[in-house]
Amino acid sequence: QHEEKLQQPDRYVLYDASVWSEIEAQFLLWKASGQGSDYRFIDIDVGARKIFDPLSTGTAYTVDFQKMQQKNKSSGFLRMLKRPVVSNFTAAQREDYAERLRQAIQCKEEAIADMTIEAARASEAEAEVRESQKRAEEVEKLWKPSLPIGVPEGREQIPLKWEPMGDAPYMEVELMNNPSHQEECDAVLRFFHQACPEKIVSSVKRLQNKRLWIMHHSKEQLVAGKSINKGSANIAFLWHGSFAETLDK
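Residue numbers here run from 1 along each chain, matching the order of that chain's written sequence. It should be noted that, the model being predicted, local features are given only for residues of pLDDT at least 70 and side-chain atom pairs only at 80 or more, the latter also being counted only at that level, while totals for whole chains, interfaces and linings use all residues. Excluded from the side-chain calculations are hydrogens and water; all other atoms, namely the structure's heavy atoms, are used.

(A) Looking closely at the pattern of salt bridges. A pair is scored as a salt bridge if a Lys or Arg side-chain nitrogen falls within 4 Å of a carboxyl oxygen belonging to Asp or Glu. For the structure shown, the criterion picks out six salt bridges. Close ionic contact of Arg40 with Asp64 constitutes a salt bridge, the shortest N to O distance being 2.8 Å. Linking Arg40 in the loop between helix 1 (17–32) and strand 1 (41–45) with Asp64 in strand 2 (residues 60–64), this pair joins segments that are 24 residues apart in sequence. The class of Arg40 is buried, set by a relative accessible area of 17%. Helix numbers and strand numbers start at the N terminus; a helix is a DSSP run of H or I with at least 4 residues, a strand a run of E with at least 2. For every residue, the accessible area obtained with a 1.4 Å probe (protein chains only) is divided by the maximum for its type, and the residue is called buried under 20%, exposed over 50%, and partly exposed between those limits.

Encoded structure:
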């Protein structure tokens, strides 16, 4: 990056003890943290706490401890920065400066403690959000199970494979005389003829009902989750019969 030009390199700004103690506390924090980027800069607004010379403008500055420079926020004017020479202070000045520095460091420590607490709270909140999302995904899996994709179902091992339905809640699919559903149709017919071997079947339809499938899947998970069932819902298909005169009702 282009290095900004330093105006009046041999002139330094002079602050009163209250400002210096605040800057010194941040400087010590920067040194203690390994002189990284976390505490390298401090923004200050000195107000009337500055001994101005005729060239001074503004009261808001950014201090860069790595370069030991001060930048005027309004004009961009740069000046070098020096730490106070405490050995040149009188006893009273040293005592006053030490007390101000102690107070400034205490303020920094309290601010860091507050930030640590807020960071911990934010971390806890983030963990709660992740846990809520995980629970939501589990509920979604329970109530929005994947539709049958051809995996054999039940003790009869009937390979259910639903047709795509989009947003439709219900669909009827004819299996007979449909090569793409021949395996499923044959499995249904074999099972049916075990109970009614003399009957002639003219049509086999798969009823794709999303609401009923979700209810079935939920119960399946509930039954399979019982320790006595050892993860198996033990599904079996049953036939439901109706009189011929009620079929169209």
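(B) Region of the structure containing the side chain of Asn209. Within the secondary structure layout, Asn209 lies in strand 8 (residues 205–209). Overall, Asn209 belongs to the buried group, its relative accessible area being 19%. Polar contacts here mean pairs of N or O atoms no more than 3.5 Å apart (in protein, one a potential hydrogen donor and the other a potential acceptor; neighbouring residues in sequence count only if both atoms are side-chain atoms). At 3.1 Å, the side chain of Asn209 forms a polar contact with the backbone nitrogen of Leu212. Other than its neighbours up to four places away in sequence, Asn209 contacts Trp162, Pro169 and Tyr170. Between two residues, a contact is recorded if the distance between any of their heavy atoms is within 4.5 Å.

(C) Representation of the pairing of strand 1. Along strand 1, the buried face is formed by Ile42 and Ile44; none of Phe41, Asp43 and Asp45, which line the opposite face, is buried. Pairing of strand 1 with strand 2 involves five bridges; the strand directions are antiparallel. Each bridged residue has a counterpart across the sheet, and for Ile42 the counterpart in strand 2 is Val63. DSSP-based pairing: two strands are paired if at least 2 bridges between them are found.

(D) Focus on the nonpolar core. Nonpolar cores were defined as sets of buried Ala, Val, Leu, Ile, Met, Phe, Trp, Tyr and Cys residues, with membership established by side-chain atoms within 4.5 Å. Membership of the largest hydrophobic core comes to 17 residues, with the highest contact counts inside it found for Ile23, Ile44, Val63 and Phe65. Only helix 1, strand 1, strand 2 and helix 2 (91–143) provide two or more residues apiece to this core. Ranked by residues supplied to this core, first place goes to helix 1 with six residues. Sequence-distant contacts of Val63, defined by excluding residues within four places in its chain, comprise Ile23, Arg40, Phe41, Ile42, Ile44, Gln69, Gln70 and Leu81. With 14 residues, the next largest nonpolar core counts Trp162, Cys185, Ala187 and Val188 among its residues.

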